Amino acid sequence: MSAVISVDDLGIEFFRSRRRRMSMREMLFHGQSTHSTETFWALRNISFTVGEGEAVGLVGGNGGGKSTLLKMIAGVLLPDEGAVSVTQNVAPLIELTGGFVGELSARDNIYLQAGLHGMGKDEIDERFESIVEFAGPQVRAALDTPFRHFSSGMQVRLGFSVITALDEPIILVDEVLAVGDKVFREKCYKRMESLLEAGRTLFLVSHSEGELKRFSTRGLYLRAGRLAMDGTMADVLEQYNADAAEGSK
Amino acid sequence: MTLIGRTRAVIQKRQVLWTLVVRDLRVRYSRSILGYVWTVLDPLLMSSIYFVVFVFIFKSGKVGQQPYFLFLIIGLLAWQWFAGSLTDTSRALLSDAKLVRSTNLPREIWVVRVVIAKGVEYVLSLPVLAAFTLFYAIKGQVHFNLGLLLFPLGLVMEFVLLIGVGLLLAPITALVTDMSRVIKIALRMLFYLTPVLYAGNRIPPPFDVVVWLNPMTGVLEMLRAGFFEQPVVRGPIIFSAVITVALLFIGAFTFSRLERAVLKEI
């Protein structure tokens, strides 16, 4: 089993203050920017590898660095220390509707979004039908209306449908494993299972124990920016729950 | 050498780049009834206004070269590309923050695609320029010469210049909140400091050489080279070629240095 994701001594540093943004006015009148320069390491000394076809679940409390780690694997954040290397293409279920343009029709948006993630026009033509099929009859009926007229449920359904149709070997999921109503969520789970059976590598961030147990075999536990545990999903969840119980005492 | 590597990375993603450019143009033109007309209406109206002000009110049609209206329209179309592109590239990483945060593309693409989209708009406005050139040519007032060959080179230079400046300003604007206001004011001042309304040789020395430091001076000199009686001035062209290349390197360097901080911020 060859490693498709390798993370080596990774670290990333953030400013503690939310108001880091500088302003010219401040710099001119105060001679310096007034933002706080206090920093903290959101993640540090993280090392692990993920092999092809593995299903990894990432657990940890809020602010533990889960999303940050996922974004660095997706390549949309750059580490300050260490390195991430990902040898295959990635389908990121991170900001599902981020690339959609409200003014354009759903049809144009499908081509746009799939194109942005590297699909060629012919491939999209080929998969267009299945993307729309998966998103459901409501979306099909509204294919030529502007995307901003879609209900938020329809928007995420279309987003999910496009990204999971990408057919990339690695799937990154940030808490959006299933979207929409009850029926659609079950459809999402089914699609995810079929993707896993087809040998995709999954990297999942979730707070739902059910999802984690259902989809992941290996667990990583992030605590205060450090990798606290790397083991089977069941063991990791047990440890996480024990820590949580301790914390709530 | 990172510049070559980054360029190669952007070229590899040319399909995505093209998708983005088409999106920009489609959004722009699908939203308005007049669509294409807006692109040419602005420079046309402004040319007419300046023409009236300078020729009929100030009675000084000699500030530029003859025919003055043609001189104006070449300058204003190129300036519109410059100003529009600079305004949008400086905000490029902010206005598409969601996309930047969710797709792993070479980040330079967000700047390059604005320059290309604005460039396509510029090219689409060229028929208007051609029409006026034809009109004045029939009247026998245009002095075509070999300088016409400099026109495409001028476009390439403006393109490279815009990418350099865009790469420099985009990350700075993402980190410094009021930068876009500064850019707006700076652009308005720069408009009068650039020989758009007047010819560069009308500036009394030694200030004419100071204006050469503005790379748009050389670009306009190249674009206008083939149409008028006065000979081309080489100085500003050489100056702007050097400054344009320098800005490209500075821009690429700044962009790669600030990329990390910008990604955390947006």
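On a predicted model such as this, the values are computed, not experimentally measured, just so you know.

(A) Main features of the overall build of chain A. Looking only at helices and strands, chain A features nine helices and nine strands. If you line up chain A on its principal axes, its C-alpha atoms span 55 × 55 × 40 Å. When burial is assessed residue by residue, chain A has 40% of its 249 residues classed as buried. Intrachain contacts of chain A at a sequence separation of at least 6 include 71% that bridge at least 24 residues.

(B) Broad picture of the overall build of chain B. Per the secondary structure count, chain B includes twelve helices and zero strands. Relative to its length of 266 residues, chain B is compact, with a C-alpha radius of gyration of 19 Å against a globular reference of 18 Å. Counting only C-alpha atoms and orienting by the principal axes, one finds that chain B spans roughly 55 × 45 × 35 Å. For chain B, the residues scored as buried account for 40% of the 266 residues in total. A separation threshold of at least 6 residues defines the contact pool for chain B, and within that pool the share at least 24 residues apart is 78%.

(C) Quick look at unusual backbone geometry. A cis amide bond links Gln66(B) to the next residue, Pro67(B), at an omega of -5 degrees. Mapped onto the elements of the fold, Pro67(B) is located in the loop between helix 3 (36-57) and helix 4 (68-90). Residues Pro205(B) and Pro206(B) are joined by a peptide bond in cis, for which omega reads 5 degrees. Structurally, Pro206(B) is set in the loop between helix 9 (179-193) and helix 10 (207-212). The phi angle at Asn45(A) is positive, at roughly 55 degrees, despite the residue not being glycine. Within the element layout of this structure, Asn45(A) appears in strand 2 (residues 39-51). The exposure class assigned to Asn45(A) is partly exposed, which follows from the 13 C-beta atoms found within 10 Å. Positive phi, close to 50 degrees, is recorded for Ala224(A), a residue that is not glycine. Along the polypeptide, Ala224(A) turns up in the loop between strand 8 (218-223) and strand 9 (226-232).

(D) Fine view of the nonpolar core. Counting 134 residues, the largest nonpolar core has Ile73(A), Leu172(A), Phe203(A), Leu204(A), Ala78(B) and Val111(B) as its most contacted members. It is helix 4 of chain B that contributes the most residues to this core, 13 residues altogether. Here this core spans two domains, since at least three of its residues come from each of domain 1 (3-88 + 207-248) and domain 2 (101-167) of chain A. Among residues more than four places away in sequence, those in contact with Phe203(A) are Val50(A), Val56(A), Leu70(A), Ile73(A), Ile170(A) and Leu172(A).

(E) Region of the structure containing the sheet that holds strand 3 (residues 55-59) of chain A. Residues and elements named next belong to chain A. In space, the six strands of this open sheet follow the order 5-6-7-3-8-9, with mixed pairing throughout. Since the sheet does not close on itself, it has two edges, and those belong to strand 5 (90-93) and strand 9, each with one partner. With strand direction ignored, the average angle separating the axes of adjacent strands in the sheet is 15 degrees. The pairing of strand 8 with strand 9 spans six bridges and is antiparallel. Across the sheet, the residue bridging to arginine 223 is arginine 226, located in strand 9.

(F) Highlighting the interface of chain B and chain A. At the junction of the two partners, chain B supplies 25 residues and chain A supplies 28 residues. Secondary-structure elements contributing two or more residues to the side of chain B that touches chain A are helix 2 (14-30), helix 6 (97-102), helix 9 and helix 12 (234-265) of chain B. No other element matches helix 2 of chain B, which puts seven residues into the side of chain B that touches chain A. Its residues placed into classes, the side of chain B that touches chain A shows eight nonpolar, seven polar and ten charged.

(G) Geometry of helix 2 (residues 66-74) of chain A. Residues and elements named next belong to chain A. Most of helix 2 is tucked away, with seven of its nine residues classed as buried. Listing the buried residues of helix 2 in full gives Lys66, Leu69, Leu70, Lys71, Met72, Ile73 and Ala74. Positioned one or two residues after helix 2, glycine 75 has a phi angle of 80 degrees, which is positive.

(H) Summary view of the packing of helix 4 of chain B against helix 8 (residues 150-175) of chain B. Residue and element names in this part refer to chain B. One can describe the packing of helix 4 onto helix 8 by two numbers: an axis separation of 8 Å at closest approach and a directional angle of 25 degrees. Relative to helix 8, the element helix 4 is oriented roughly parallel. Regarding helix 4 and helix 8, the two cross each other, and that crossing is right-handed. Counting all contacts with helix 4, which are made through Ala78, Trp81, Phe82, Ser85, Leu86, Thr89 and Ser90, the residues of helix 8 involved are Glu158, Leu162, Val165, Gly166, Leu169, Ala170 and Thr173. Within the contact of helix 4 with helix 8, the residues separate by chemical class into eight nonpolar, five polar and one charged.

(I) Spatial organisation of the confidence of the model for chain B. On average, residues of chain B score 88 in pLDDT, and 98% of them are at 70 or above. For this predicted complex, the interface score ipTM comes out at 0.80, while the overall pTM is 0.87.

(J) Spatial organisation of the sheet that holds strand 2 of chain A. Residue and element names in this part refer to chain A. Pairing in this open sheet of three strands is antiparallel, and the strands run 2-1-4 from one edge to the other. Strand pairing shows two members of the sheet lacking a second neighbour, strand 2 and strand 4 (81-86), which therefore form its edges. For this sheet, the mean angle separating the axes of adjacent strands, direction not counted, is 20 degrees. In this structure, strand 1 (residues 3-15) lies alongside strand 4, joined through five bridges in antiparallel fashion. Along strand 4, the bridge assignment pairs isoleucine 5 with valine 86.

The rules behind the values
- Residues numbered from 1 in each chain as written.
- Chains lettered and ligands numbered in written order.
- Predicted model: local features only at pLDDT ≥ 70, side-chain atom pairs only at ≥ 80, totals over all residues.
- Helix = DSSP H or I, 4+ residues; strand = E, 2+ residues; numbered from the N terminus.
- Buried ≥ 20, exposed ≤ 12 C-beta atoms within 10 Å, placed from the backbone.
- Contact = placed C-beta atoms within 7 Å.
- Rg over C-alpha atoms; globule rule 2.2 N^0.38 Å.
- Core = buried A, V, L, I, M, F, W, Y, C linked by C-beta atoms within 7 Å.
- Domains from an automatic or database assignment.
- Pairing = 2+ DSSP bridges.
- Axes fitted to C-alpha atoms, helices over the stretch in contact; angles between N-to-C directions.
- Nonpolar A, V, L, I, M, F, W, Y, C, P; charged D, E, K, R; others polar.
- Parallel < 35°, antiparallel > 145°, perpendicular 65-115°, else oblique.
- Left-handed = near helix turned anticlockwise from the far one by under 90°.
- pLDDT = per-residue confidence, 0-100.

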